[in-house]
Amino acid sequence: GSSETINYTLRLWLDYDATNEEAGGKVFKGKLRVEVTMIEGDPVSDVIVDNVGTDGSTYDDGEDTFITGTDPNNYVWYSGKLWRAVSINNEAKTTKLITQWTISAIPYSARSSSAFDGSYVEDWLNDESVDGFLKNLREPEKFIKMNSEWNATLTTDVSTKPPKTTIIENPVGLLSAYEYTMIHNGIAEKDSYLINGNTWYTITPSSSSSFYSVQATSGSTFISSVSLSTQYMGRGIRPVINLKPDVKIVSGTGTESDPYRLSGDNDSDLNGVKLNTRYSGEYIRFGNGENNLYRIISHETENLTKITSDEPLKEAGEYIAEVFDSNGYSFILSSNSLRKYLNNDYLNPSNGFLTSEQINMIEDNTGWYVGSVSSGESYKLAKYIDINNGTTRSPVNLKIGLLRVGELMSGKFSPEVNGGSGYFTLTNYSSTAIHSVKSDGSIFMPTDYGAQMLIKPAMNLKENVVITGGDGTRNNPFTIEVFS
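Treat the numbers as computed from the prediction; the structure is a model and nothing was measured.

Engineer: Explain the overall build of the chain here, please?
Structural biologist: The secondary structure content of the chain amounts to 7 helices and 34 strands. Overall, the C-alpha framework of the chain stretches about 75 × 65 × 45 Å when taken along its three principal axes. When contacts within the chain are restricted to residue pairs at least 6 apart in sequence, those whose partners lie at least 24 apart make up 62%. Surface accessibility of the chain: about 20900 Å² in total, with carbon and sulfur atoms responsible for 46%. Charged side chains in the chain number 40 positive and 60 negative. The centres of these two groups are separated by 2 Å.

In structure tokens:
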């Protein structure tokens, strides 16, 4: 901007083994080249409403203009994730986005309350720790209305706009049951563009101990209790944000294969850029054959890039099912079954999952934290900090591990992953059961250690892995190599 100032820093460093003769008494020079381009494009709010396409339409309730239809041109790519633009605020011109898929699944809150304020889900959405959702969004202050207001008022009529009795102010929230109803206005719930095989939370309570969720295939809103039996664990989370009115679309047509790209989030020519500077959700070409697509989770370990397979592992077109541990041991104690499979068979180049070069990109021994989350407990019990006493958990050090309950990218990202089997997580439910992410992106009944489930491996790539091509989208994933 004409009134803005940007300070750039150019860093030079010496090899650790450089001798006095090689480096001492020398003059070093460097050049920093800054290319400036005028921001072009049109505001998101204008483009979305004007270009919904033949399978979309709009509905104005006097306050917001909702994008409706079966498959409108409202796909937006931002910060490594595919979103759908669901509404435009008529006065503020902010654009509300919801993720296309569930990003994770956790218990909604403690069993005593259905209030969004103070819930585990509110905390998860606005988590600014190193592996938190908000922390891993790209420059949220630039793109997102950070003081967005979320209507979490209790109602028993999802077709009528609720009063603004309970307003929560946060950068990230959830869709309300009323908003969801307006979005499928005029069409059957199951035909709404928001229905894709995921079951997910809304922000709306139906009583002091229950709230509305959206069913995976029928699209119906149903009432979930926070005081169910201990077999209930949690449904999927589809984060919602409000883009600022000055955010502009610079490319794309709004379709799934060609989503809108935002000014400031449409990088090109990333050749040589370190992978550990990129964003959660971005795609990487990694692995072989039908298992050659991975995604960034976070940078939980300093300078490393944690990744996971886009889908559970396949072999000859079929998902692979393994037993977690036939002896009933947790991942820490296990010496056979899944832990052995991931750190032996999966890492053997002759089995075709990874090449020798790719295996060399993986950090050999990083810590995997095995907590335990029971029904109605916080997702943070699965993390590296024990929230009960504030101490750091003792990790098990391995090359390959699994996703935790509540971790980024532990949702469901493809309509193809269906049927009865979900995939294992790293998180215990009890001394005899482990959590799994089910076929609708939820976590429900804990899985016995001896059961067969699908596998979604996770690993940390080394600091010196750099990008050689691609833009991080599904259609053009990053290609990578080790920089030596």
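Engineer: Help me understand a negative patch on the surface, please; the structure alone is not making it clear to me.
Structural biologist: Taken together, the side chains of Asp-15, Asp-17, Glu-21 and Glu-22 define an acidic patch exposed on the protein surface. The residue Asp-17 is located in the segment before helix H1 (20-23) in this model.

Engineer: Which parts of the structure should I look at to understand helix H6 (residues 337-345)?
Structural biologist: Two residues of an α-helix separated by three or four positions point the same way, owing to the 3.6 residues in each turn. The set of residues buried in H6 consists of Leu-338, Arg-339, Tyr-341, Leu-342 and Asn-343. Where H6 is buried, its residues touch strand S22 (321-323), strand S26 (396-398), strand S27 (400-402), strand S28 (423-430) and strand S32 (457-461).

Engineer: What am I meant to see in a nonpolar patch on the surface here?
Structural biologist: A grouping of Ile-6, Tyr-8, Leu-10, Leu-12, Leu-14, Phe-28, Leu-32, Val-34 and Val-36 is seen on the molecular surface, where their side chains present a nonpolar patch of about 940 Å² in accessible area. Here Val-34 lies in the loop between H1 and strand S1 (42-43).

Engineer: Which parts of the structure should I look at to understand the pattern of salt bridges?
Structural biologist: Pairs can form between side chains of opposite charge once their charged atoms are near each other. For the structure shown, the criterion picks out 24 salt bridges. Across the pair Lys-383 and Asp-127 runs a salt bridge whose closest N-O atoms are separated by 3.4 Å. In this pair, Lys-383 sits in the loop between strand S23 (366-368) and strand S24 (385-386) while Asp-127 sits in the loop between helix H3 (120-125) and helix H4 (140-143), placing the two residues 256 residues apart along the sequence. Across the pair, Asp-127 and Lys-383 agree in class, each one buried. Among the charged side chains, a salt-bridge network with shared partners connects Asp-127, Asp-131, Glu-300, Lys-306, Lys-383, Arg-404 and Glu-407.

Engineer: Would you mind going over the pairing of strand S6 (residues 95-99) with me for this structure?
Structural biologist: In terms of burial, S6 is largely enclosed, as 5 of its 5 residues are buried. Alternating positions in S6 separate into two faces, Thr-95, Leu-97 and Thr-99 on one and Lys-96 and Ile-98 on the other, with burial throughout. Pairing analysis gives 5 bridges linking strand S5 (residues 81-89) to S6, with the strands arranged antiparallel. Note on S6: the bridge partner recorded for Trp-83 is Thr-99. Between the antiparallel neighbours S5 and S6 lie 5 residues, among them Lys-93 with a positive phi of about 65°. Sheet topology note: the S6/strand S14 (residues 240-243) ladder contains 4 bridges and is antiparallel.

Engineer: I'm lost on the packing of aromatic side chains in this one. Help?
Structural biologist: Each aromatic ring pair is summarised here by two numbers: the centre-to-centre distance and the angle between the ring planes. Scanning the entire structure with this criterion turns up 12 aromatic pairs. Ring centres of Tyr-180 and Trp-200 lie 5.7 Å apart, and the angle between their planes is 90°; this geometry places the pair in the edge-to-face category. One end of the pair, Tyr-180, is in helix H5 (residues 177-183); the other, Trp-200, is in strand S10 (residues 200-207), with 20 residues separating them in the sequence. On the basis of relative accessible area, Tyr-180 is assigned to the buried category, the value being 0%. By relative accessible area, Trp-200 is classed as buried at 0%. Here the aromatic rings of Tyr-346 and Phe-353 are separated by 5.7 Å at their centres, their planes lie at 40°, and the arrangement is tilted.

Engineer: Sorry, what's going on with the sheet that holds strand S18 (residues 293-298) here?
Structural biologist: Backbone-to-backbone hydrogen bonds pair the strands of a sheet. The strands run either parallel or antiparallel. With antiparallel pairing, 5 strands are arranged side by side in an open sheet as S17-S18-S19-S32-S27. Here the strands that pair on one side only, and so sit at the sheet edges, are strand S17 (283-285) and S27. Taking the axes of each pair of neighbouring strands and ignoring which way they run, one obtains an average angle of 40° across the sheet. With 3 bridges connecting them, S27 and S32 associate as antiparallel partners. Its bridge partner lying in S32, Ile-400 is registered against Met-459. The strands that H6 touches are S27 and S32; relative to S27, the one it contacts most, it runs at about 135°.

Engineer: So what exactly am I meant to see when it comes to the nonpolar core here?
Structural biologist: Of all hydrophobic cores here, the largest spans 113 residues; its most connected members are Phe-286 and Leu-461. In contact with Phe-286, other than residues within four places in its own chain, are Asn-291, Asn-292, Leu-293, Tyr-294, Ile-307, Leu-354, Gln-358, Met-361, Ile-362, Met-459, Leu-461 and Ile-480. Core analysis: the next-biggest nonpolar cluster, separate from the first, contains 5 residues, Tyr-75, Leu-82, Tyr-283 and Leu-293 among them.

Engineer: Even after reading the chapter, I still don't get the side chain of Ser-104, so can you show me in this structure?
Structural biologist: Of note, Ser-104 is situated in strand S7 (residues 104-106). Side-chain polar atoms of Ser-104 contact the backbone oxygen of Gly-406, separated by 3.5 Å. Among residues more than four places away in sequence, those in contact with Ser-104 are Trp-124, Arg-235, Gly-236, Ile-237, Gly-406, Glu-407, Ser-410, Gly-411 and Gly-441.

Conventions we followed
- Residues numbered from 1 in each chain as written.
- Predicted model: local features only at pLDDT ≥ 70, side-chain atom pairs only at ≥ 80, totals over all residues.
- Heavy atoms only, no water.
- Helix = DSSP H or I, 4+ residues; strand = E, 2+ residues; numbered from the N terminus.
- Contact = heavy atoms within 4.5 Å.
- Areas by Shrake-Rupley, 256 points an atom, 1.4 Å probe, with all protein chains shown as cover.
- Lys, Arg positive; Asp, Glu negative; His and termini not counted.
- Charge placed at Lys NZ, Arg CZ, Asp CG, Glu CD.
- Patch = residues over 30% accessible without salt bridge, like charges linked within 9 Å, V, L, I, M, F, W, Y side chains within 5 Å.
- Salt bridge = Lys/Arg side-chain N within 4 Å of Asp/Glu carboxyl O.
- Buried < 20%, exposed > 50% of the residue type's maximum accessible area, 1.4 Å probe, protein only.
- Pairing = 2+ DSSP bridges.
- Phe/Tyr/Trp six-rings, centres within 6.5 Å; stacked < 30°, edge-to-face > 60°.
- Axes fitted to C-alpha atoms, helices over the stretch in contact; angles between N-to-C directions.
- Core = buried A, V, L, I, M, F, W, Y, C linked by side-chain atoms within 4.5 Å.
- Polar contact = N/O pair within 3.5 Å; in protein donor to acceptor, adjacent residues only side chain to side chain.

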